[in-house]
Structures are given as structure tokens and as C-alpha cells.
Amino acid sequence: MTTDVHQLDDGAWISVNDSREINVSDLWLLARHEFCDCEMADFLAEGVVEVGVDHPDIAARFAGRCIHCGTEGITDWLTVGRVIDPDDGQFYGVVPESVHVPRKRTRLAGPE
Amino acid sequence: MPSKVENWKSEVYGNEIREHLMEFAEEGWDAIPEDEHDAWFERFKWWGLYHQRSGQESYFMMRIGTPNGVIEPDQLEVIGEVAKEYATGPVDNPEFGEAYCDWTTRQSIQLHWIKLEDVPDIFEKLESNGLSTQQACGDSWRNIVGCPVAGKDKHEHIDAWPIAEDLNETFKGNDDYANLPRKWKVSVTGCDQGCGQGDINDLAFEPAEKNGELGFNIRVGGGLSRKEPRFARDIDVWVPPEQASDVAAGMSALFREYGDRDDRFNARIKFLMDEWGPEKMRRVLQEEFVDFELPTAGEDMRDQYTYNAGHDDGHGDHVGVHEQPDGNYYVGLDVLVGRMGAEDTIELAELADEYGSGEVRLTQRQNIIVTDVAEEALDEFLSEPLLEDYSPDPHPFMRGSIACTGSEYCSLSITETKNRQVRYARWLKNNVELPAGVEDFHIHLSGCTASCAQPQIADVSLRGMKTRKDGEPVEAFDIGLGGGLGEDPHFADWVEMRVAADEVPGYIENMLSAYEQRRADGETFREFVAARDEDELQALADAEETSYEDPYMHNTKMTWYPYADKDDMSASPAPTDGSGQPITSDD
């Protein structure tokens, strides 16, 4: 079974195997990032821009803002969770408020 | 490559969704295959059903499209009864009770907590009374907006209602225009006040004269969403009223053929307008989508526009008592943030029937108008107790308040909205003196960048955000100033960013005080803002805590319902079955 991932409702949330898993409005702490000049960006996710799967990771790029310095933009890829066994499709989400390191590339999940 | 949503649409879309919807409703929520949820919920929108946010699975928002906001005699009672019977959720809203109707900024009606199993009965009740949810959401012709008092307005040049009605009849359920790349919002204005808000629509008909004949100039590509606001641009086309439908068909066919189906974020026609410009838009429309010579633009009436124009000359909204051309009166009632209890709705329907023709109209400022009240019945109508809550002469802070749905139900919103704006308006009314002469003051609160409350066209624009206070994340707002419509529409300038929600009323108080102290003689608030650059505006006022208390500072989106005693996601009863009982998982 493949893992089906997409963003819906104008980027309001990420669906993993037809289940709503990640919503906008969370704060994500970003380390070793290029989003803004803050050592640790305090990033508000306002909209999902792209989603990707790089087994077992589910990743996304978000539009939003660092609420510390005010920089607006789109993040690099953030791992939002994992589907370890594609056959059972169980999604294990990350905790947004813990520290995340964005990466430059992932595999696109397909057209959004 | 077409987007995933486009692929779903290519399989089933438009009118044919209905039979599937009815089958699912008959069999119950569980009948929707789990791996098809997203596809079906995307399709259900076309029939006006929008799945509520996380934590509220199996419940839907239902939107009823009422073209031009016209609610004919007896229909309001039906809407109130449907809300009372079907729009009750597991928990009451502390401000609005258990069942209510939302009057929207596009002259539509939204009901919440609708269960799939109830849809057939609701459709039957609505449709047997001439009401419909068809194309109220989804990628097609949305509810057509316009002058709320079309046909009953002393200021109108053309009665826009028959045109809006014709467009509605032509394009609702029309398979040729059922599957567009994205939503398609159309406005028809017939008055010299600009109250159709054409500037923020995909396609706008605006009154104009050509060779002594009254018709419409065409503007294309307006919209507010995603921090990419655009005013519709003049494409140098005039049409007589009898050809409005032909030009609308041509423009929406152009959008159907050339709109971006690969990237939904780039799909609205405002982005095609960015790419093409108005000259090419006109040329392609002429060459490929209409079979008659398009006249060039006529002389418009924009210099007379008063609606939300930033000054108090002429009426800026439709609240209050106004004489109709036939000698009767229409009475515009203020509905704070557009939400009216179901019982109140039913009572208002009875009053409209008793004192007027039974017809009511919805405005794009979330208010409601009772039309056709005879002069001799006015005093008695105005003394009805219900009008104490829905006043024709409200305080400017109540009158000017607009709020979107917010995190109560909406997936995209960052913050709580309606209940908060109710509290803001009440606090401002009780604590802040408006500068002398200010009778219109618009505060529009939107929970996110989708801009459903149209924040960019308000005196004070509030857009949902987050900040930290004492280290803790709290709901907040970006604050914009000086937006509005009129002859020269202007989007708000974003001046203060990430203001904690409980400091917003203090900011507004301080800004109004600065305006009162520093304004030039006769300078409106909008002019006052326009005359200053960002640094000057930022120096004028600070946000601060006041006696205002905000119960929604926490992350309301993390709750299953912000007002539940136990609001944690794990306490959600959803999904539920047709009787509202939680559905327990088999595994």
C-alpha cells in the first residue's frame, strides 16, 4: 500500500491516508535553518505549501512567519511525521513545538 | 500535471455529486469509504457542504446561497426552522446559544453542526421553498452578490436584481460552467454608491453609461485571499443589461479554459490578470469567447460611490431606516458579527411578514434588511423588542464589526473570531469615546489570510496571528489601518504586527485618541492614515492591556471546540452517527 499524502482546503491541513493529521496554526521551533536570522526560529505555520514523502518521513513546506523577528516566507522541508509501515498506514506525528531542522530536499508527493 | 483535486473533480463533479451524497446520507457517515473521505468532502462542497475542522469530524457547515442576498417571503422562517432543528451541536456557544444562522459577507447563510444523515430532509425543506445550497462552495459560480436593496433603492440607476437573478438561473447547475479551476465570484452593482463591492470580486458589473444608455462596465480579477489582495481591473468593456449574461458566460469560459488547474494556489483569475493584464484579457475574451463586438467602457459612476468609502457623506452601509422609491421603507438591522439565533431568526421572519412584505435581504456587511415596511407601520415595527438586539441605530462599534467563522469551525483559521469580536465591540462601546463626527468605523476581524471577513477594506483590519506573552504562545492579530472601498479603493496598511489579542482594544483606543488629537479639520480616519507613512503610524499608538478580558488567548485550534468545558481533542464526541452518538472504532 502506498502512503497517500496531500494538502487540502487552501493548505489548511495535511491528509495522510485520508486522515487529517497536521493543521496550520501550530508553532514550530526551527534550528539550523535559513528562514530568518534568529538562531531558533519561532515559526507560525499559516498554510501548507507542498507535501512530500521520503519513506518513512512525511514532509511539508509551510508558509508562515517567525513570530520572534517577523520574517515571513516559506520554510524548507520539515518532517511532520512518519508512516513506518505503509501496509498499516499508521501515522506517527512529530511534536511541532519541539526542535526541527529543515532540509533542502525531499520527494514530492505528487501534484497538489 | 493536474492537481489531485482536479483529478477527483474529473471523476465526479457538479450536479452528479448529489446522487452520491444522498446515498451516503441514506446509509450514514460510516458508508463513506475511509480512503475516499478527502475526495468526497472536496466534492460535497459543490453542494454547499464543507466538512468542519479537526475534532468535529462527521459534522458539516452548510451554506445556502441567496443571490443578491434576497430572501423571499416565507423563506426566512424556513431558514430559521432548519437551523433550529438541524444546526445544533454537542455544545452551546456561550454568546449565541445552541442554534444560529450566520449571515456572510457574500450575502449567503451558513449553518453549522449539520449531520450528513439530515441532508436529504434539509434539502427537501429548502428546495421546496425555493432555496438551494447548490454551488455555494466549490470550484464554480458562487453566490452572486450585489446591491442588497436592488429594486428598492432611491440611489440606483439600474435594478441589478433581475440581472443577478438571471445570472443565477443561467449559471447555477449549468454543466458547461460547473467545473472551473477555482471559485468564481461575481458582483452586480446597479446603484451610484458602490455597495456591490465589485472591486473585490473575480468579475464585476458596475453601472456605466454609454451613448445615453445605462449598462455596465466590466472589471475582472479582484480578490483578497492569501496576502495577495487585488482590486478588479477595468478591461475596457461596456455591456447593456441584456448582454450581461453573454459577457459573464464568456468570462467564466475564459477562466475555465485558461485558469491554472495545476496549482490551486495560482488558480484564481486575479493571477491570470497579473500575467496577462487587462488588454490581453479583453482581447482573448473578444476573440475566443463572445460572438459580438464588445463596446469599449462607458462613463462610470465611481466618483459618486459612498459605500465603505471612508467618509460619512451618504450611506456607507444599509443599516437604518431608508425610504424606498415606492414610498415604503427598508429597515437595515445590525447583526453583530452576522450571527443570529435560530429563535430570533424565526421571530424576525414573523415581524417581516407582519410589518413588511415578508421579504428580507442580506448585506455584505453581515446585516439583515427588512423591506417594504409601510410608513404608518414603521414606529410600531421599530418598537419591537427584538430590535433592541438587532438595532437599526446601533453604536458605531457594533455597526462596524465584521468577523469570519474562525477557529470555532474553520480549518484554516489561526484564531477565535466571532465571540472575540463581540467582546471587542462591547468593550469599545463601553469604554472608548469615538472622536466627534465619526459615525462609521469599521473593524473587520479575520482569523487568517483567507480574508473571509474582508479585513483589508476596513478602518481597522485584524488578521489572526500568534505571539508569545510571558513566554507562552497566545492568539494575536496583525493590525492594519485605513482600508476601504469607494471611488479609489485602498487596502489597509499593516502597521502593528503580532499584537496579543487582549491588547488589541487598548491599541484601538490609543489610535483613536491619537487621531482625535492630531487630525486636521475635517480629516477622515482614512485620510489621516493615508497622510502618514508606516513609521509615523507606528509611532502614534501602542498596544496595551486594559480592563478588557479575553477568554480565548490559548490555542483554540488545539481544542475540539473552544467553548466546551472539556475542550481537549480527546474529549471530542466526533465522529457521531445520525443521532449524534459517538461512533466507536471497531479496532
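One numbering rule holds for all chains: residues counted from 1, following each sequence as written. The lettering of chains begins at A and the numbering of ligands begins at 1, in the order of writing. With pLDDT at 70 or above as the cut-off, local features in this predicted model cover only qualifying residues; side-chain atom pairs require 80 or more to be listed or tallied, and sums for whole chains, interfaces and linings still use all residues. Hydrogens are left out, water is left out, and the side-chain values use all remaining heavy atoms of the structure.

Participant: Mind showing me how you'd approach the overall build of chain A here?
Facilitator: Working definition: helices are DSSP H or I runs of at least four residues, strands are E runs of at least two. Numbering for both runs from the N terminus. When helices and strands are counted, chain A shows 0 helices and 10 strands. The C-alpha radius of gyration of chain A comes to 13 Å, within 12% of the 13 Å expected for a compact globule of 112 residues. Buried means the residue's accessible area, taken with a 1.4 Å probe over protein chains only, is under 20% of the maximum for its type, while exposed means over 50%, and partly exposed covers the values in between. Of all 112 residues assigned to chain A, the portion counted as buried reaches 56%. Long-range contacts, defined as pairs at least 24 residues apart, comprise 48% of the intrachain contacts of chain A with a sequence gap of at least 6. Surface exposure here means Shrake-Rupley accessible area, sampled with a 1.4 Å probe, where a residue is shielded only by the protein chains that are shown. Of the roughly 4,800 Å² of accessible surface on chain A, 46% is carried by carbon and sulfur atoms. When the 9 basic and 21 acidic side-chain charges of chain A are each reduced to a single mean position, those positions are 7 Å apart. Using C-alpha atoms as the atom set, the radius of gyration is obtained and then compared with a globule rule of 2.2 Å times the number of residues to the power 0.38. For this analysis, residues touch if any pair of their heavy atoms sits within 4.5 Å. For this count, His and the chain ends are skipped, Lys and Arg are scored as positive, and Asp and Glu as negative. For this purpose, a charge sits on NZ of Lys, CZ of Arg, CG of Asp or CD of Glu.

Participant: Would you mind showing me how to read unusual backbone geometry here?
Facilitator: Glycine aside, the phi torsion of most residues is negative, and most peptide linkages are trans. Following histidine 55 of chain A, the chain continues to proline 56 of chain A via a peptide bond in cis, the omega torsion being 5°. Checked against the element boundaries, proline 56 of chain A lands in the loop between strand S5 (41–54) and strand S6 (57–66). In this structure, the amide linkage connecting alanine 574 of chain B to the following residue, proline 575 of chain B, adopts the cis form with an omega of -5°. Assignment of secondary structure puts proline 575 of chain B in the segment after helix H16 (534–540).

Participant: Could you clarify how one ought to interpret helix H10 (residues 375–382) of chain B in this entry?
Facilitator: Each α-helix winds once per 3.6 residues, and so residues spaced three or four apart point in a common direction. All names here are of chain B. By the burial criterion, the buried members of H10 are Ala377, Leu378 and Phe381. Buried residues of H10, viewed axially, fall in a sector of 125°; they line one side. Away from its buried face by more than 90 degrees, H10 exposes Glu376 and Asp379. Tucked into the core, H10 has its buried residues touching strand S12 (320–323), strand S13 (329–333), helix H9 (342–355), strand S16 (368–373) and helix H11 (386–389). This arc is taken over the directions from the axis of the helix to the C-beta atoms.

Participant: So what exactly am I meant to see when it comes to the state of the cysteines here?
Facilitator: Disulfides are covalent bonds that connect the sulfur atoms of two cysteines. Any pair of cysteine sulfurs within 2.5 Å is marked as a disulfide. What the rule picks out here adds up to 0 disulfides over all chains. Cysteine 69 of chain A provides the cysteine sulfur closest to cysteine 38 of chain A, a residue in no disulfide bond, and the two sulfurs are 3.7 Å apart. The class for cysteine 38 of chain A is buried, based on a relative accessible area of 13%. Between cysteine 195 of chain B, a cysteine without a disulfide, and cysteine 191 of chain B, which holds the nearest cysteine sulfur, the sulfur-to-sulfur distance is 3.5 Å.

Participant: Please explain the pairing of strand S8 (residues 78–83) of chain A as it appears in this structure.
Facilitator: Regular strands have side chains that alternate between both faces of the sheet. Residues and elements named next belong to chain A. Of all 6 residues that make up S8, 5 are buried, and the element is covered over most of its length. Pairing analysis gives 4 bridges linking S6 to S8, with the strands arranged antiparallel. Residue pairing for S8: alanine 59 is matched across the bridge by threonine 79. The sheet contact formed by S8 and strand S9 (residues 91–93) spans 3 bridges and is antiparallel. Across the sheet, glycine 81 pairs through a bridge with glycine 93, a residue of S9. For two strands to count as paired, DSSP must find a minimum of two bridges between them.

Participant: Even after reading the chapter, I still don't get the environment of valine 101 of chain A, so can you show me in this structure?
Facilitator: All names here are of chain A. Looking at the element boundaries, valine 101 is found in the segment after strand S10 (99–100). When its relative accessible area of 40% is taken as the criterion, valine 101 is described as partly exposed. Valine 101 sits 44 residues away from aspartate 57 along the chain, and the two C-alpha atoms are 13 Å apart.

Participant: Looking at this structure, I do not really get the packing of aromatic side chains. What am I missing?
Facilitator: Aromatic ring pairs: the centre-centre distance and the angle between the two ring planes describe each pair. All names here are of chain B. Pairing of aromatic side chains here covers Phe, Tyr and the six-membered ring of Trp, requires ring centres within 6.5 Å, and sorts the geometry by plane angle: under 30 degrees stacked, over 60 edge-to-face, intermediate tilted. Using the criterion set out here, one finds 37 aromatic pairs over all chains in the structure. Aromatic side chains tyrosine 59 and tryptophan 113 sit 5.0 Å apart centroid to centroid with 90° between the ring planes, which places their arrangement in the edge-to-face category. Here tyrosine 59 is found in strand S2 (residues 59–65), whereas its partner tryptophan 113 is found in strand S5 (residues 108–115), with 54 residues between them in sequence. Like tyrosine 59, the residue tryptophan 113 is buried in the burial classification. Two thresholds decide whether a charge sits over a ring: the Lys NZ or Arg CZ must be within 6 Å of the ring centre and within 35 degrees of the ring normal. Geometry around tryptophan 40 places arginine 43 over its ring, the cationic atom sitting 4.5 Å from the centre.

Participant: Any chance you could explain the environment of tryptophan 46 of chain B here in plain terms?
Facilitator: All names here are of chain B. If you trace the backbone, tryptophan 46 turns up in the loop between helix H3 (37–44) and strand S1 (49–51). Spatially, the C-alpha atoms of tryptophan 46 and alanine 178 are 8.7 Å apart, while their sequence positions differ by 132 residues. As used in this structure description, the phrase polar contact means that two N or O atoms lie within 3.5 Å; if the pair is within protein, one of them must be able to donate a hydrogen and the other to accept it, and residues adjacent in sequence are counted only when both atoms belong to side chains. Only 3.4 Å separates the side chain of tryptophan 46 from the side chain of serine 140, close enough to count as a polar contact.

Participant: Would you take a moment to explain the pattern of salt bridges for this structure?
Facilitator: As a working rule, side chains carrying opposite charge can pair if their charged atoms are close by. Any carboxyl oxygen of Asp or Glu within 4 Å of a side-chain nitrogen of Lys or Arg constitutes a salt bridge here. On inspection of all chains with the given rule, the structure shows 47 salt bridges over all chains. Arginine 182 of chain B is the partner of aspartate 10 of chain A in a salt bridge, and the nearest nitrogen-oxygen pair spans 2.4 Å. Here the residue aspartate 10 of chain A occupies a position in the loop between strand S1 (5–8) and strand S2 (13–16), and arginine 182 of chain B occupies one in the loop between helix H6 (160–171) and strand S7 (186–188), the pair thus bridging two chains. The partly exposed category is assigned to aspartate 10 of chain A, whose relative accessible area is 26%. Taking the relative accessible area as the measure of exposure, arginine 182 of chain B reaches 8% and is therefore buried. Between arginine 399 of chain B and aspartate 317 of chain B there is a salt bridge, and its shortest N-O distance comes to 2.8 Å. Taken together, the residues arginine 399 of chain B in helix H12 (residues 396–399) and aspartate 317 of chain B in the loop between strand S11 (299–300) and S12 connect sequence positions 82 residues apart.

Participant: What should I look at first to understand a negative patch on the surface in this one?
Facilitator: Residue and element names in this part refer to chain B. Taken together, the side chains of Asp74, Glu77, Glu347, Glu350, Asp353, Glu354, Asp379 and Glu380 make up a negatively charged region of the molecular surface. Elements that contribute at least two residues to the negative patch include exactly H9 and H10. Counting through the fold element by element, aspartate 353 comes out in helix H9. Exposure remark for aspartate 353: the relative accessible area of 48% places this residue in the partly exposed category. A patch is a set of surface residues, each over 30% in relative accessible area and not in a salt bridge, joined within 9 Å for like charges and within 5 Å for the nonpolar side chains Val, Leu, Ile, Met, Phe, Trp and Tyr.

Participant: Please clarify how the interface of chain B and chain A should be interpreted in this entry.
Facilitator: In many analyses, interface size is given as the accessible surface area lost on bringing the parts together. On the side of chain A, 33 residues touch chain B, which itself brings 45 residues to the contact. What gets called buried area is simply the loss in accessible area from a 1.4 Å probe that two parts show on being joined, summed for both. Summed over both partners, the interface of chain B with chain A buries about 2,900 Å², with 47% contributed by carbon and sulfur atoms. When the buried surface of chain B facing chain A is broken down by residue, Lys4, Asp38 and Phe265 of chain B rank first, second and third, together holding 21% of it. Summed over the shared surface of chain B and chain A, the result is 8 salt bridges. Between lysine 45 of chain B and aspartate 9 of chain A there is a salt bridge whose closest N-O contact spans 2.5 Å. At the surface where chain B touches chain A, the tally comes to 20 residue pairs in polar contact (both at pLDDT 80 or more). Elements with a contribution of two residues or more to the side of chain B that touches chain A: helix H1 (4–11), H3, S1, strand S19 (460–469), strand S20 (472–481) and strand S21 (493–500) of chain B. Sort the elements by how many residues they give to the side of chain B that touches chain A and S19 of chain B lands first, with 6 residues. For the side of chain B that touches chain A, a count of residues per class yields 13 nonpolar, 11 polar and 21 charged. By the convention adopted, Pro, Cys, Tyr, Trp, Phe, Met, Ile, Leu, Val and Ala count as nonpolar, Lys, Arg, Asp and Glu as charged, and the other residues, Gly among them, as polar.

Participant: Looking at this structure, how should I read the packing of helix H7 (residues 244–258) of chain B against helix H8 (residues 269–289) of chain B?
Facilitator: Helix-helix packing is described using two parameters, namely the angle between the two axes and the distance between the axes. Residues and elements named next belong to chain B. With axes taken as lines fitted to C-alpha atoms, and helix axes fitted only over the stretch in contact, angles between N-to-C directions fall between 0 and 180 degrees. Running from N to C, H7 and H8 point in directions that differ by 125°, and their axes come no closer than 10 Å. By the criterion of interaxial angle, the relationship of H7 to H8 is oblique. Considering only the axes of H7 and H8, their crossing is right-handed. The residues of H8 that touch H7, namely those facing Val247, Gly250, Met251, Ala253, Leu254, Phe255, Glu257 and Tyr258, are Ile269, Leu272, Trp276, Met281, Val284, Leu285, Glu288 and Phe289. Of the residues belonging to the contact of H7 with H8, the class tally is 13 nonpolar, 1 polar and 2 charged. In these notes the angle categories are as follows: under 35 degrees is roughly parallel, over 145 is roughly antiparallel, 65 to 115 is roughly perpendicular, and the rest is oblique. Two helices crossing with the near one rotated counterclockwise from the far one by less than a right angle form a left-handed crossing, whereas a clockwise rotation gives a right-handed crossing.

Participant: Hey, could you run me through the domain arrangement of chain B in this one?
Facilitator: Residue and element names in this part refer to chain B. Here chain B is partitioned into domain 1 (4–127), domain 2 (150–304), domain 3 (320–394) and domain 4 (398–554). Residue ranges assigned to the domains are those given by an automatic or database domain assignment. Computed from C-alpha atoms alone, the centre-to-centre distance between domain 1 and domain 3 is 27 Å. At the junction of the two partners, domain 1 supplies 27 residues and domain 3 supplies 22 residues. Taken together, the connections running from domain 1 to domain 3 amount to 2 salt bridges. With a closest N to O distance of 2.6 Å, aspartate 102 and arginine 339 form a salt bridge. For the interface between domain 1 and domain 3, the tally reads 8 residue pairs in polar contact (both at pLDDT 80 or more). Taken together, the elements giving at least two residues each to the side of domain 1 that touches domain 3 come down to strand S3 (70–71), helix H4 (75–86), strand S4 (100–103) and S5. Broken down by element, the side of domain 1 that touches domain 3 gets its largest block of residues, 6 residues, from H4.

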